[in-house]
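Spelled out from the first residue to the last, the chains are:
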Amino acid sequence: MHAYLIPLAWCALLVVSPATASERDSLARETTGDTIASIRLEEVVITGRNYPGATRHASPLPVEITGKGFTREDFTGNFARALGRVPGVHSMDIGSGFSKPVIRGMGFNRVVVLENGVKQEGQQWGADHGLEIDAFNAESVAVHKGPASLLHGSDATGGVIEITRRPPPVDNRVVGELVLLARAMNGTVGGSAMIGMKRGAWYAKLRYTEQHFGDYRVPVDTVIYLTRRLPVAGRALKNTAGMERDVAGHVEYRLGAYHAWLTASNAYQKVGFFPGAHGVPDPARLEDDGNSRDTGLPYSSVNHLKVTTRQERGWERVSLRWDAGYQRNYREERSRFHTHYGTMSPPERSPDLELAFSLDTYSSSLRVTRDNGREWEQVTGWDMQVQRNRVAGYSFLLPGYDRLSTGLFGLVTYRPDTRLSISGGARYDRGRVEVFPYRDEHLEIYLREQGYSETEIARYRWRAYAVRRDFDDFSFSLGAVLDLDDTHLLKANIGKGFRLPGANELAANGVHHGTFRHEQGDPSLLPERGWQVDLSYSYRGGAWSLSASPFLAFFGNYIYLKPTGEWSALPHAGQIYRYAGARSLFAGGELSLGIDLPLGFSYRLSGEYVYSRNLDDRSPLSFSPPTQARNTIAWEKSGFRLHAEWQHIATQRRTAKNEDPTNGADLLHAGVTGAFSAGNSNVEITLALENALDKRYYNHLSFYRKIELPEPGRDLRVVIRIPFK
Amino acid sequence: MKTISCFNICLLAIFALLAAACGDDSDNTKPVINLIEPADGDTLHIGDDVHFEMELSDNEELKSYKVDIHDNFDGHTHALSRDTEPESVAFSFNKTWELTGKKTASVHHHEIVIPENATPGAYHLMVYCTDAAGNEALVARDVVLSHEGGEHDHGDDDHDE
């Protein structure tokens, strides 16, 4: 635990000084006549906090920090999956390659991921789209649980995951690291190399990451798809192998009160789809092809290019910060041409291109911070984002759209003394969404052949409706942080979050090939709105640490997919599911307890609980995370750490309509980390054994849950970290 | 330490209270489909009607059922394959029946008719059933459409439901 509490003093002062560092200086002047004989500085106390400490104290919402530990026992090479270890955070998995985070049961685009101050775009496209972040490049991560719409606008209803980079070294030098990863479950072999150079005011850094993995191994011989049992040849899911290649470059300049950076990164992933869960299943297509490392059709590839820049300047009482970013997210799914309609023939160009999405995002955010040098601080901000999404392919899933959103906010913080801080603010957002219609002529002909009336055909032929909507909304937040002698930390916050409906929620009309449902948008949907109360208490004293963070959220309008009971005329579809708003309630929290025992032993217990309810339908909401507890016992001595963990996952019986319950499990994990010096480097080796008892269990939030595809069995991971200076 | 454990207990009490206060009262139980005919792997005769037989039940109230039959040519990638009979048309069937007000239903009919020009080959037969609350059940079967053989009595079929 103390590993990531290593004071990063230099960074702390820079990052924190306007926020929490308190300066108490008193100047006593002794003057004789009109000349100053002497100046006696009585006492200058500058208190700084390390980065995790400062971040935890700065926000009235519960915050969890994963620092260096992120690249140790929990590190799997997948960013969202590693975050699943944080209490209150889960990962929604889409096979071995793609995952997205869920905070306290709120997922999809209810979680904002910020990398270096810019909102990551792309993962919100749909249920089966992951998060394109290089896990090796996430040097420090802060999870803010609770609504943060005030600072981040739409989408931050569930929380914010903030990825920041380690600060540059203080003196001129070259730094770097090499991280190697191997994983038995799917034969992952990967590595990441980073080199950074500091020269005076300049700092430059380059990182390259590559990972290759084979077919996903599961402890079962069959899966269930469309009520049929399909074989899993050799207990490995055929064609789920893939690879990831990421490059990132960063240049930074800091002179006096001026600070600027430019970061460019490109993340590429290519992952095969299990043919048993894509299209119509057939045992013939699931026969072993003799190669567990190839990626054939069907597969998906994503390329995420991101360029971000920051300009920052401080004066005596004012500081100015401007972040700008451009992101280009290109995703395609390739699958051999297939259709339900006899009139459709394969396209001449790229006949295998089933779906392609190309999303361009331009964003800008301006912050002006003013303080009176004492107890008041005021932040004013202006955010703007422009998005342009275009689609292609012989199939259709999500429409093309243009979206513009802009918001203005003010946040005031009052610190009467060093222990108490009260902050509150308001924000106004405006948004415009224009969704482009898509007419499916082949479907039209098919329905006519089936004998449907023209009025009925008119209801189905638009796979996306033409929608043009303007939205506006207010957000509020009021919170307090009370810090008693660094042992007791008490936080309270009430905030309102909102989210603009997505293009699919407004305009989709057709079978989603991932959920196998006819999903229909509602062009008249109102924005999602909810109020949340958060409390958190943490105690740190002597050998004990304790924290509890309960929350209660009420949504006047929570958007969900509602079964309508109306049959769809589309082939392969049951009833129509329509996006609708409902009054909903979320409640729960996290609890953790840590004890430092004698002889280098320590014990930690952490648990989490989420209750969700759709008040209109009088039933739970879908994807409610199960109650979970982790008991960890560790032994640490001179750079050597040994741990064993018992993870208890409760059975989730609280399910939405047409969602199956998921049985709980008891899992045993273990790990060992050792550090030793080799040359002038301090090499760190981690061996992690997950699911040591090879239990078959299911993740209630997994995309493959519905085909009864379990989580991986026994898995051994090796991470070798070689830093150099 | 005392205050801490007190806080702890309070917290658990709040959670327990919340869980108890809002018991779920909506019907989330799916209807049950027992599809007797056609059985998995059955051959259906082109130009004939289909002997369709099943038992449906729900804990509260059934609403409707739907039968969807579509081709499953060429290893299930839905690719076009009509080399054998270029003049034929892939058979596609999509029809719904109302069951409102019933808790159980015995269905037996010959309303599914396969036209003479249907392309022979592998097909999927899917039966969907909904209840009044919107819960949905599904059964999928592999069937073969052929000019030879076809509808005859299957005394003891091994259904997997």
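Our subject is the structure that appears above.
So, a few notes on the structure that sits alongside this text. In this text the structure is predicted, and so the values were computed from the model without any measurement.

**As for the packing of aromatic side chains**
Residue and element names in this part refer to chain A. One pass over the full model with this rule turns up 19 aromatic pairs over all chains. Taking 4.2 Å as the distance between ring centres and 5° as the angle between the ring planes, the aromatic pair formed by Phe-396 and Tyr-438 counts as stacked. Taken as a pair, Phe-396 in the loop between β22 (376-392) and β23 (401-414) and Tyr-438 in strand β25 (residues 438-439) lie far apart in primary sequence, 42 residues in all. Taking relative accessible area as the criterion, Phe-396 reaches 7% and is therefore assigned buried. Its relative accessible area of 30% is what places Tyr-438 among the partly exposed residues. Look at Phe-474 and Phe-476: their rings are 6.3 Å apart centre to centre, the planes differ by 15°, and that puts the pair in the stacked class. Taking relative accessible area as the criterion, Phe-476 reaches 35% and is therefore assigned partly exposed. Following the ring pairs from residue to residue traces out a cluster consisting of Tyr-428, Phe-474, Phe-476 and Trp-531. Seen from the ring of Tyr-299, Lys-270 lies directly overhead, with NZ or CZ sitting 4.4 Å from the centre. Its end group placed over the ring of Tyr-698, Arg-705 keeps NZ or CZ at 5.3 Å from the ring centre.

**Thoughts on helix α5 (residues 441-449) of chain A**
All names here are of chain A. Where α5 is concerned, the buried positions are Leu-443, Glu-444, Tyr-446 and Leu-447. Looking straight down α5, one finds its buried side chains confined to an arc of 165°; they lie on one side. Exposed residues lying more than 90 degrees from the buried face of α5 are Glu-441 and Glu-449. Those residues of α5 that are buried lie in contact with β25, α6 (454-460) and β26 (462-464). Of the residues flanking the start of α5, the one acting as N-cap is Asp-440, its side-chain oxygen 3.2 Å from the backbone nitrogen of His-442.

**Observations regarding the side chain of Asn-509 of chain A**
Residue and element names in this part refer to chain A. Mapped onto the elements of the fold, Asn-509 is located in strand β29 (residues 509-512). With relative accessibility at 2%, the residue Asn-509 sits in the buried group. Here His-518 takes part through its side chain, which lies 2.8 Å from a polar atom of the side chain of Asn-509.

The rules behind these values
Residues numbered from 1 in each chain as written. Chains lettered and ligands numbered in written order. Predicted model: local features only at pLDDT ≥ 70, side-chain atom pairs only at ≥ 80, totals over all residues. Heavy atoms only, no water. Phe/Tyr/Trp six-rings, centres within 6.5 Å; stacked < 30°, edge-to-face > 60°. Helix = DSSP H or I, 4+ residues; strand = E, 2+ residues; numbered from the N terminus. Buried < 20%, exposed > 50% of the residue type's maximum accessible area, 1.4 Å probe, protein only. Lys NZ or Arg CZ within 6 Å of the ring centre and 35° of its normal. Arc of directions from axis to C-beta. Contact = heavy atoms within 4.5 Å. Polar contact = N/O pair within 3.5 Å; in protein donor to acceptor, adjacent residues only side chain to side chain.

Structural measurements only, silent on function.
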